[in-house]
Amino acid sequence: MQNLTLTKILTLIIATCVILTPTFSIATTAQTTTSNSNTFILGYGGTPFDTFNPFTTYTVVSTMSTIDVYDTLVKLTPNFSNPVPDLAYKWTIYPNNSAAVFYLVKNATWSDGVPVTAQDVVYSYELASNNVSRLQPNVAPIISVEAINNYTVEIHYHPTLLLINNIISQVPIVPKHVWEKYVPDPLNATALSDYQDYPLVSSGPFTVSQYVQGQYIELTANPHYFYKTREPHIKNIVIQFFKDSNTMVAALESGQIDAVAPTIQPAQISSLESGYPNIKVVVEPGEELWYIGVNVYPYGHGNPTLKDLQVRKALAYAINTTELAQVIWRGYATPAAGLLPVGNAYHDPNLKPYPFNLTLANLTLEEAGYKMGPNGIRVSPNGVPLSYTLYVINSDPEEIQAANIVAGWWKQIGVQANVVPEDGGALANIIWPNFTQDFDLWDWYTSPAVPTLLSVFLANQTETGISDSGYNNSSYDKLYGQMLTATSQAQLKEDAYQLQAMLYNDLPYLMLYYVDSIEAYNTHFSGLYTNMTGGPFSDVNWLTFLDLQPAHTSSTTSSDVVPLAGALVVAIAVISIALYLKRRGST
Amino acid sequence: MGMGRYVIKRAASSVLTFFVTVALTFVLFRLLPGNPVQLLFRNPELTQAEIRELSTQFGLNKPLWLQFILYIRNVFLGNWGISFYYRSPVTEVLFPALLNSVILILPATVLAIVIGAGLGVLAGWKRGSYTDVGVLSSSLVLYAIPTFWLGILLIMIFVKVGGLPVSGMVSITAVNGPPLQYLVSVLRHMILPMLTLTLVTLGQFTIIMRSSIIGELTEDYVVAAYSKGLTSSWLLRKHVVPNALLPTISIIAISIGTVVAGAVLTETVFSWPGVGSLIYDSIFRRDYPVLQGAFLIIALFVIAANFVADIMYAYLDPRVKYS
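Chains are numbered independently. Their residues run from 1 in the order of the written sequence. Numbering of ligands from 1 and lettering of chains from A proceed in the order in which they are written. Per-residue local features of the predicted model are confined to residues with pLDDT of at least 70, and side-chain atom pairs are confined, for both listing and counting, to 80 or more; whole-chain, interface and lining totals are unaffected and use all residues. Side-chain measures were taken over the full set of non-hydrogen atoms in the model, leaving aside hydrogen atoms and water.

**Here's the deal with the overall build of chain A**
For clarity, the cut-off: Runs of H or I in DSSP of at least four residues are treated as helices and runs of E of at least two as strands, each being numbered from the N terminus. Burial classes: relative accessible area under 20% of the type maximum marks a residue as buried, over 50% as exposed, and values in between as partly exposed (1.4 Å probe, protein chains only).
In terms of helices and strands, chain A carries 18 helices and 21 strands. Here chain A holds 587 residues, and 58% of them are scored as buried.

**Here's the deal with the overall build of chain B**
For clarity, the cut-off: Contact criterion: two residues are considered in contact whenever any of their non-hydrogen atoms come within 4.5 Å of each other. Each accessible area is a Shrake-Rupley estimate made with a 1.4 Å probe; only the visible protein chains count as cover when residues are assessed. In this tally Asp and Glu are treated as negative and Lys and Arg as positive; neither His nor the chain ends contributes. Charge positions are represented by NZ for Lys, CZ for Arg, CG for Asp and CD for Glu.
A tally of regular secondary structure across chain B gives 14 helices and zero strands. Each helix (α) and strand (β) of chain B, taken in turn from the N terminus, gives the series α-α-α-α-α-α-α-α-α-α-α-α-α-α. Dimensions of chain B, computed from the C-alpha atoms along their principal axes, are close to 85 × 60 × 40 Å. Counting only residues that meet the buried cut, chain B has 50% of its 323 residues in that class. Considering only contacts in chain B between residues 6 or more positions apart, those separated by 24 or more positions represent 77%. Carbon together with sulfur atoms contributes 72% to the accessible area of chain B, which is approximately 14800 Å² in total. The average position of the 21 basic charges and that of the 13 acidic charges among the side chains of chain B differ by 5 Å.

**Some remarks on the side chain of A:R134**
Which entries qualify depends on this criterion: Salt bridges are identified by distance alone: a Lys or Arg side-chain nitrogen within 4 Å of an Asp or Glu carboxyl oxygen. Think of a polar contact as two N or O atoms within 3.5 Å of one another; within protein, one of them needs to be a possible hydrogen donor and the other a possible acceptor, and neighboring residues in sequence only count if both atoms come from side chains.
Locating A:R134 in the fold gives a position in the loop between helix 3 (118-128) and helix 4 (136-139). For the buried A:R134, which has no salt bridge, the nearest side chain bearing the opposite charge is A:D539, at an N-O separation of 7.1 Å. Polar contacts involving the side chain of A:R134 include one to the main-chain carbonyl oxygen of A:T57, which spans 3.5 Å. Discounting residues that sit within four places of it in the chain, A:R134 has contacts with A:P54, A:F55, A:T57, A:Y58, A:T63 and B:E50.

**Observations regarding the domain arrangement of chain A**
Residue and element names in this part refer to chain A. The criterion, for reference: Each domain's extent was defined by an automatic or database domain assignment. Two parts placed together each lose some accessible area under a 1.4 Å probe, and the buried area is that loss summed for both. In the scheme used here, Gly and all other residues not listed as nonpolar or charged are polar, with Ala, Val, Leu, Ile, Met, Phe, Trp, Tyr, Cys and Pro taken as nonpolar and Asp, Glu, Lys and Arg as charged.
Partitioning chain A into domains gives domain 1 (25-67 + 202-284 + 518-568), domain 2 (74-179) and domain 3 (286-515). Counting from both sides, the interface comprises 23 residues of domain 1 and, opposite them, 26 residues of domain 2. Around 1900 Å² of area is buried between domain 1 and domain 2 when both sides are counted, 62% of it from carbon and sulfur atoms. One can count one salt bridge joining domain 1 with domain 2. Between R230 and D86 there is a salt bridge; the shortest N-O distance is 3.7 Å. Our count for the domain 1 to domain 2 interface comes out at six residue pairs in polar contact (both at pLDDT 80 or more). Looking at side-chain class alone, the side of domain 1 that touches domain 2 contains 12 nonpolar, 10 polar and one charged residues.

**Thoughts on the interface of chain B and chain A**
Of the residues lining the interface, 62 residues belong to chain B; the matching set on chain A comes to 72 residues. Summing both partners gives a buried area of about 5400 Å² for chain B against chain A, and 55% of it is carried by carbon and sulfur. A salt bridge links A:K243 to B:D281; the shortest N-O distance between them is 2.4 Å. Viewed at the interface, chain A and chain B are joined by 12 residue pairs in polar contact (both at pLDDT 80 or more). Looking at the side of chain B that touches chain A, the elements that each hand over two or more residues are helix 2 (36-40), helix 3 (48-58), helix 5 (90-125), helix 7 (147-161), helix 8 (172-175), helix 9 (179-217), helix 11 (232-269) and helix 12 (275-285) of chain B. Take the side of chain B that touches chain A: its biggest share by element is seven residues, from helix 3 of chain B.

**Here's the deal with the side chain of A:D516**
Residues and elements named next belong to chain A. By the secondary structure assignment, D516 is in strand 19 (residues 509-522). For the buried D516, which has no salt bridge, the nearest side chain bearing the opposite charge is R330, at an N-O separation of 13 Å. Beyond its immediate chain neighbours, meaning those up to four positions away, D516 contacts T263, V283, E284, P285, G286, G331, Y332, A333 and T334.

**With respect to the sheet that holds strand 6 (residues 142-149) of chain A**
Residue and element names in this part refer to chain A. Worth spelling out the cut-off: Two strands pair if DSSP finds at least two bridges between them. For helices, the axis comes from a line fit to the C-alpha atoms of the stretch in contact; other axes are also lines fit to C-alpha atoms, and the angle between any two N-to-C directions lies between 0 and 180 degrees.
Ordered in space as 4-5-7-6, the four strands form an open sheet in which the pairing is antiparallel. Only two strands of the sheet have a single neighbouring strand rather than two, namely strand 4 (88-93) and strand 6. Strand-to-strand twist in this sheet, taken as the mean axis angle between neighbours without regard to direction, amounts to 20°. Across five bridges, the pairing between strand 4 and strand 5 (residues 99-104) is antiparallel. Within the sheet, the bridge partner assigned to W91 lies in strand 5 and is F102. Contacting strand 5, strand 6 and strand 7 (152-157), helix 3 crosses the sheet at an angle of about 165° to strand 6.

**Brief notes about the pairing of strand 12 (residues 279-294) of chain A**
All names here are of chain A. Along strand 12, 13 of the 16 residues are buried, which leaves the element largely enclosed by surrounding structure. Pairing geometry for strand 12 and strand 19, over 12 bridges, is antiparallel. Its bridge partner being in strand 19, L289 is matched across the sheet by Y514.

**Quick word on the packing of helix 12 of chain B against helix 13 (residues 288-316) of chain B**
Residues and elements named next belong to chain B. Put simply, the test is: Our angle categories are set so that under 35 degrees counts as roughly parallel, over 145 as roughly antiparallel, 65 to 115 as roughly perpendicular, and the remainder as oblique. Crossings are classed by handedness, with left-handed meaning an anticlockwise turn of the near helix from the far one by less than a right angle and right-handed meaning a clockwise turn.
Direction vectors running N to C along helix 12 and helix 13 enclose 140°, while the axes themselves pass 9 Å from each other. By the angle between their axes, helix 12 is oblique relative to helix 13. Relative to helix 13, the crossing made by helix 12 is left-handed. Side by side, helix 12 and helix 13 meet where V275, L278, I279, S282 and I283 of the first sit next to V290, L291, A294, F295 and I298 of the second.

**Side note on the environment of B:S185**
All names here are of chain B. If you trace the backbone, S185 turns up in helix 9. On the basis of relative accessibility, which here comes to 6%, the residue S185 falls in the buried class. As for S185 and V175, which are separated by 10 residues in sequence, their C-alpha atoms are 8.7 Å apart.

**Here we look at the packing of aromatic side chains**
Residues and elements named next belong to chain A. Note the following rule: In this scheme Phe, Tyr and Trp rings, the latter by its six-membered ring, pair at centre separations within 6.5 Å, and the angle between planes marks the pair as stacked below 30 degrees, edge-to-face above 60, and tilted otherwise. Note on geometry: a ring has a charge over it if NZ (lysine) or CZ (arginine) is within 6 Å of the ring centre and within 35 degrees of the ring normal.
Counted under the stated rule, the structure contains 34 aromatic pairs over all chains. The interplanar angle of 40° and the centroid separation of 6.4 Å between the aromatic rings of F537 and F545 together place this pair among those described as tilted. No difference in accessibility class separates F537 from F545, as the two residues are buried. Cluster of aromatic residues (ring-pair linked, three or more members): F40, F206, F525, F537 and F545. Lying over the aromatic face of Y103, K90 brings its terminal NZ or CZ to 4.8 Å of the ring centre.

**Quick word on the confidence of the model for chain B**
Atomic detail in the predicted coordinates should be set aside for any region of low pLDDT. Residue and element names in this part refer to chain B. To keep things clear, this is the line we draw: Values of pLDDT, which run from 0 to 100, indicate the predictor's confidence residue by residue.
When pLDDT is averaged along chain B, the result is 84, and 92% of the positions lie at 70 or above. When mean pLDDT is compared element by element in chain B, helix 6 (residues 130-144) scores highest at 92, while helix 14 (residues 319-322) scores lowest at 63. Interface scoring of the predicted complex returns ipTM 0.74; its pTM is 0.80.

**So, the pattern of salt bridges**
This structure, assessed with the given rule, holds nine salt bridges over all chains. Here the residues in one salt-bridge network are A:K75, A:D86 and A:R230, joined through shared partners.

**Re helix 12 (residues 358-367) of chain A**
Residue and element names in this part refer to chain A. Operational definition: Of all possible arcs, the one meant is that of the directions from the helix axis to the C-beta atoms.
Here helix 12 has its buried residues at L358, A361, T364 and L365. The buried residues of helix 12 occupy an angular sector of 120° when the element is viewed end-on, so they sit on one face. Those residues of helix 12 that are exposed and angled more than 90 degrees off the buried face are T359 and E367. N-cap assignment for helix 12: the residue whose side-chain oxygen lies 3.1 Å from the backbone N of T359 is N357.

**Details of unusual backbone geometry**
Backbone phi values are negative for most residues with the exception of glycine, while trans is the configuration of most peptide bonds. With omega at 0°, the peptide bond leading from A:Y198 into A:P199 counts as cis. Tracing the backbone through its elements, the reader meets A:P199 in the loop between helix 7 (189-194) and strand 8 (206-212). Phi is positive for A:R330, close to 50°, though the residue is something other than glycine. Turning to its location among the elements, A:R330 is positioned in the loop between helix 11 (321-329) and strand 13 (333-335). For B:S271, which is not glycine, the phi torsion reads 50° and is therefore positive. Residue placement: B:S271 occurs in the loop between helix 11 and helix 12.

**Notes on the packing of helix 10 (residues 309-317) of chain A against helix 12 of chain A**
Residues and elements named next belong to chain A. Where helix 10 contacts helix 12, the axes come no closer than 8 Å and their chain directions differ by 165°. Judged by the angle between their axes, helix 10 and helix 12 are roughly antiparallel. At the point where helix 10 passes helix 12, the crossing takes the left-handed sense. Judged by residue contacts, Q310, V311, A314 and Y317 of helix 10 engage L358, L360, A361, T364 and L365 from helix 12. Along the lines of polarity and charge, the residues of the contact of helix 10 with helix 12 split into seven nonpolar, two polar and no charged.

Encoded structure:
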């Protein structure tokens, strides 16, 4: 009886060992293959992927994943100043800046072998103008897109200098012969919205070879890519999704992945840099701006004292943006003055953050007639206390901390701010359509190539649920229209600067900081294009995946430990068998 | 009441519960403030036309009562709608995630029940001993440990020690490999999240089982059995444990719902692509169709588990069906 029990136990141990041994030994192979020089695994911890359809996606990861999958007519240089050829090898812009002709390469083919033609371009631009297309505002100035022949396209448009930066370099060219099966009428909103575009047919240097929802996207180098000098060095790029940035960084440390994006926490930098000599952290200007929106809507229902510019100025003087950037982002953020972040091509370097001066803030309020009340809260000449609610988006704990710090400074000038964290839905409900809020601490992401974030402050954006300040200034609206139709780059930039200056002076937003992009990668890969806003893995950086190459072919650090674990398991199995045989022999 | 009538009565009650859940699911998510269109597409360049078009497509421009009727009709026709976020049918979004969750939750729950109940029996039997104190205090600690904290701790340890993947469900290289390599890769990825989920859930089973055993040991029949000279181990196996299992069965049924809640955190920490993390993301996006689908499935599981538990309870303890 006892022998039988012993036999059962030993059988169980041996069976467990037999199962576990291949687990560990095969795992060793898998881990080593992870650092295979032909595969680059990028961990992505931002907003989850939604769709491959480039016209209906609203996620950075989708745009970033397909930036080298779909071609555009032209691409932009890293500083967003000049176009370089893509599907169009040359182009001519008419002197009146209202028409342009693009000449397509004749050797480009879709991944199913069908040639890329001007008809694909026309169809793609029609899709872009669909009502549910995210690119519809971009292509709004376009009057017509015509195929002159199979490889020539003529575009007529309302004059704008943003033609290349905001339209031609943004609209992906998709295969008409594939898409028209699902979206026969390119202007049909339902058809475009429902089309997932997977599996997809593309013409760029990479194709999407696999996608598993919630797990990863695999890109494979396109062997038929027409632009021979831009052929990728790495065969496979895998974008693996993460829910938690700590886990993602841990995976980078353990060698499970090769890089992390879109950004990691500043606190993680020092441990990566000090503990892992083979990991390099890249800090570049980001695409994100944090601000405190002030309810200045003429028909809003917030505290009326905020419509007084002197109050807003005093509040701006009472925010130390330098200290905030240091405390909240450990210095990996730039104190903000203008609306467009420091890495944007139209960022105004002349604007400086309001000086932090509590004495000046107190004086400004005093002179404007806001007297200190007995409870330490100032009161307006009409008897309205300067007591506000400061809503803050609750997705980022750091920003809740920032709101509390700001409230502390404001308290010193007799302003009470009650900090209330809310999720995006609740906050949107508070703001639109009735504008019942006083302040909202929130963020914007913007493309670094264009100044179109300035459109947030157009008067008509209040009703669309875009403008959270309710700013209403006809001069601003007029200048914005003028900027879009500027006839020289210098004029365009000047207009963008003036618009930013208007916002700086009128203070519908109290600017906080532009957050840096912090990414990291394993140095067994090189060639990452790092000198670009948003970092090497942003949704505008089309060079990284092409230039990426193995620096050397050694295996990862973590795999060294794995054989040890495998050996341990095998040893247990051997000892168990030996024990079993010994006991059996003795009975 | 006979067993047959009892089963019919419980089944009817379960069906009614499901219908109420279907209705509540609709109301619950619409109580969340905010418009999905604004939330999904916080884009500075979004136009009014685009907002109108998307609202129409999502059916959000219809009156709420009409949305409710369409929802009820579609639920029973098997049409669970299109995810606002993924723009794919809810079933395509939900079922792969659900399967991934079951792969993780099922073995973790079974392990937690078996180990937890086993430790509970041991602690109850050896009440007052060092073993009891050890088991009880570790169970309380495990019960109180925040899931994400334990998960991050395990990740930190295994990043340093190596040998096990700390995130995801399968190695990319194993995806295109032979089936065995795929299976092994999934098993390896499962170890840490499963360990986390098992550890944080087993404490409750230990505590309940221990209390049950202690309660049974004070019953007169145990004293009588001792007086008759029955051995301790025989008494434990044949009488005390089967009787003490009854309350544990109820706890297991109730815990199915809480295990899913625990899985939300585990899945998030380990980037396990399950239904927990899908629900978490969908709440922030106000992706009503996915949320409705996920909650209906979970409700169905919980109601079914409770139904089975009720029947088992009645079968094991005949007093129940006559009450």
